[in-house]
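# Examining the three-dimensional arrangement
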Amino acid sequence: GENVEQHPSTLSVQEGDSAVIKCTYSDSASNYFPWYKQELGKRPQLIIDIRSNVGEKKDQRIAVTLNKTAKHFSLHITETQPEDSAVYFCAASRGGSQGNLIFGKGTKLSVKP
Amino acid sequence: GAVVSQHPSRVICKSGTSVKIECRSLDFQATTMFWYRQFPKKSLMLMATSNEGSKATYEQGVEKDKFLINHASLTLSTLTVTSAHPEDSSFYICSATETGGYGYTFGSGTRLTVV
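In this report, the structure presented in the accompanying data block is examined. (Residues numbered from 1 in each chain as written. Chains lettered and ligands numbered in written order. Predicted model: local features only at pLDDT ≥ 70, side-chain atom pairs only at ≥ 80, totals over all residues. Heavy atoms only, no water.)

This part is about the overall build of chain B. A tally of helices and strands in chain B yields 0 helices and 11 strands. Secondary structure elements in chain B, listed N-terminal to C-terminal, are β-β-β-β-β-β-β-β-β-β-β. Computed over C-alpha atoms, the radius of gyration of chain B comes to 13 Å, within 12% of the 13 Å expected from 2.2 N^0.38 for 115 residues, which places it in the range of a compact globule. Considered along the principal axes of its C-alpha atoms, chain B spans approximately 40 × 25 × 20 Å. (Helix = DSSP H or I, 4+ residues; strand = E, 2+ residues; numbered from the N terminus. Rg over C-alpha atoms; globule rule 2.2 N^0.38 Å.)

Right under this line is the structure:
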């Protein structure tokens with residue numbers, strides 16, 4: 001069945017450094033790829049998303065790149081801050097249904113001051 | 001922005017009882033809502049897709065008689081965990097997409113503990 005692989009599972013960086021999280025997906029019909037940030041005990045919050053008709057999207061310190069041919073997409077966080085520490089989930093739509101998502105297993109990001 | 005309200009946030013129930021969780025879209029209409037389950041330190045697992053006015057679509061391995069879903073209106077979906085057992089203890093989260101929109105919003109989640 002459809003699957004989303006996410007790496008690494010944990011990531012520790014120094015404040016100010018960059019962090020990169022990578023995901024691969026298996027459903028060639030997927031056309032929507034959101035990223036969520038989840039703090040402990042709270043709901044996931046959408047931080048950025050990308051559709052299959054673009055290769056890159058940026059929002060301040062956060063950027064996402066998509067390679068449809070290779071079926072992988074990545075989250076890039078620059079100038080990391082302690083408040084960026086959280087679990088990040090990538091997701092890919094199941095086919096053309098952008099509301100029906102398959103999630104990666106998550107990456108626990110720790111930003112050390 | 002779109003707001004999804006989920007209640008209760010926490011519930012403790014005795015084994016064998018049933019628990020109802022509500023998911024409401026506050027400022028938009030949602031033809032479709034989704035129910036997820038999240039184990040500690042794990043990812044979100046889709047349980048079912050809730051469609052307004054029709055039967056929910058359950059993912060493989062999810063017992064539809066145990067997890068009853070009712071999407072009676074464009075702003076409300078409910079998940080009832082029937083005859084709950086300790087292994088049903090988990091964090092349940094709903095999400096909703098505005099009809100015609102893209103992306104979706106999560107509810108605040110419900111921590112269910114079955115004792």
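Moving on to the interface of chain A and chain B. Each partner contributes to the interface: chain A provides 18 residues, whereas chain B provides 20 residues. Between chain A and chain B, the buried area comes to about 1500 Å², and carbon and sulfur atoms account for 53% of it. Across the chain A-chain B interface, the total number found is 1 salt bridge. The closest approach of N and O atoms between R94 of chain A and E59 of chain B, which form a salt bridge, is 3.0 Å. (Contact = heavy atoms within 4.5 Å. Buried area = accessible area lost by both parts, 1.4 Å probe. Salt bridge = Lys/Arg side-chain N within 4 Å of Asp/Glu carboxyl O.)

This part covers the side chain of T49 of chain B. On the secondary structure map, T49 of chain B appears in strand 5 (residues 44-51). When sequence neighbours within four positions are dropped, the list of residues in contact with T49 of chain B reads N100 of chain A together with T32, M33, F34, A56 and T57 of chain B.

All names here are of chain A. Taken in spatial order, the 5 strands make up an open sheet running 1-3-8-7-6, and their pairing is antiparallel. Only two strands of the sheet have a single partner each, and these edge strands are strand 1 (4-7) and strand 6 (56-59). When the angles between neighbouring strand axes are averaged without regard to direction, this sheet yields 15 degrees. Summarising the sheet, strand 7 (residues 62-67) and strand 8 (residues 72-77) pair through 6 bridges and their orientation is antiparallel. Counted as the bridge partner of T65 is S74 from strand 8. (Pairing = 2+ DSSP bridges. Axes fitted to C-alpha atoms, helices over the stretch in contact; angles between N-to-C directions.)

Residue and element names in this part refer to chain B. With antiparallel pairing, 4 strands are arranged side by side in an open sheet as 1-3-8-7. In this open sheet, the two strands that pair with only one neighbour each are strand 1 (4-7) and strand 7 (67-73). Sheet twist, expressed as the average angle between the axes of neighbouring strands with direction ignored, equals 15 degrees. Here strand 7 pairs with strand 8 (residues 76-81) via 5 bridges, running antiparallel.

Right, let's get into the side chain of S43 of chain B. Within the fold, S43 of chain B resides in the loop between strand 4 (32-38) and strand 5. A polar atom in the side chain of S43 of chain B sits 2.4 Å from the backbone oxygen of G104 of chain A. With sequence-adjacent residues up to four places away left out, S43 of chain B is seen in contact with F89, F103, G104 and K105 of chain A together with R37 and Q38 of chain B. (Polar contact = N/O pair within 3.5 Å; in protein donor to acceptor, adjacent residues only side chain to side chain.)

Residues and elements named next belong to chain A. The final tally for this structure, using the stated rule, is 11 aromatic pairs over all chains. Look at F89 and F103: their rings are 6.4 Å apart centre to centre, the planes differ by 90 degrees, and that puts the pair in the edge-to-face class. In this pair, F89 is assigned in strand 9 (residues 86-94) and F103 in strand 10 (residues 97-103), connecting sequence segments 14 residues apart. No difference in accessibility class separates F89 from F103, as the two residues are buried. (Phe/Tyr/Trp six-rings, centres within 6.5 Å; stacked < 30°, edge-to-face > 60°. Buried < 20%, exposed > 50% of the residue type's maximum accessible area, 1.4 Å probe, protein only.)

Glancing now at the pattern of salt bridges. A side chain of one charge can pair with a side chain of the opposite charge when the charged atoms of the two come close. Under the defined criterion, the tally for this structure stands at 7 salt bridges over all chains. With a shortest N-O distance of 2.9 Å, D84 of chain A and R61 of chain A are connected by a salt bridge. Here R61 of chain A lies in the loop between strand 6 and strand 7 and D84 of chain A lies in the loop between strand 8 and strand 9, a separation of 23 residues in the sequence. Taking the relative accessible area as the measure of exposure, D84 of chain A reaches 7% and is therefore buried. Residues K66 of chain B and D88 of chain B are paired through a salt bridge, measuring 2.8 Å at the closest nitrogen-oxygen approach. You can see K66 of chain B sitting in the loop between strand 6 (57-58) and strand 7 and its partner D88 of chain B sitting in the loop between strand 8 and strand 9 (90-97), a full 22 residues away along the chain. Judged by relative accessible area, K66 of chain B falls into the buried class, the value being 12%. One connected set of salt bridges, linked through shared partners, spans K37, E39 and K42 of chain A.

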